[in-house]
Amino acid sequence: MNFSQLSEILKDTNERLFRSAVKAVNVNLTMRNWFFGYYIVEFDQNGEDRAKYRTKLLNTLAGDLAIKGLTAPELSRCRQFYKTYPQLIELIPREFKGILPKE
């Protein structure tokens, strides 16, 4: 192997692993957003405090969570994402299903 080949192998390895990492992050953020939507919908439908917080729920949550980029409109999109695709629960890996409440 010469220097040029070494350089190309390292560049290729970096590119492949970087793409894999980006894909993993995207999958996990999608799963997080689905879970957030699930919990918000469940709270809104079954929570004892729902009437009290309904109008300000997402604003209050966004402020309390203080997660960069997770605003009230983004939480609303999470809720809509869950409501549109509730069947995604079938794709949730087993190790994450434990964070869902028992039915």
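The structure we're discussing is the one just above.
Described in the following lines is the structure provided in the data block. Keep in mind it's a predicted model, so treat the numbers as computed, not measured.

Calculation rules
- Residues numbered from 1 in each chain as written.
- Predicted model: local features only at pLDDT ≥ 70, side-chain atom pairs only at ≥ 80, totals over all residues.
- Heavy atoms only, no water.
- Salt bridge = Lys/Arg side-chain N within 4 Å of Asp/Glu carboxyl O.
- Helix = DSSP H or I, 4+ residues; strand = E, 2+ residues; numbered from the N terminus.
- Buried < 20%, exposed > 50% of the residue type's maximum accessible area, 1.4 Å probe, protein only.
- Expected span 1.5 Å × (residues − 1).
- Polar contact = N/O pair within 3.5 Å; in protein donor to acceptor, adjacent residues only side chain to side chain.
- Arc of directions from axis to C-beta.
- Contact = heavy atoms within 4.5 Å.

### Focus on the pattern of salt bridges
- For the structure shown, the criterion picks out four salt bridges.
- With its nearest N and O atoms 3.2 Å apart, the salt bridge here joins R19 to E15. Highlighted residues: R19 and E15, both in helix α1 (residues 3-46), separated by four residues, approximately one helical turn.
- The class for E15 is partly exposed, based on a relative accessible area of 38%.

### Observations concerning α1
- Counted at 1.5 Å a residue, the expected span for α1 with its 44 residues is 64 Å, and the 64 Å between its end C-alpha atoms agrees.
- For α1, the set of buried residues is M31, N33, W34, F35, G37, Y38, I40, V41 and D44.
- Where α1 starts, the residue carrying a side-chain oxygen 3.1 Å from the main-chain nitrogen of S4 turns out to be N2.

### Overview of helix α4 (residues 72-84)
- Look at α4: 18 Å from first C-alpha to last across 13 residues, which is about the 18 Å you get at 1.5 Å a residue.
- Looking only at α4, the buried set comprises A72, L75, C78 and Y82. Taken down its axis, α4 places every buried residue within 110° of arc, on the same side.
- At its buried positions, α4 is contacted by α1 and α3 (57-65).

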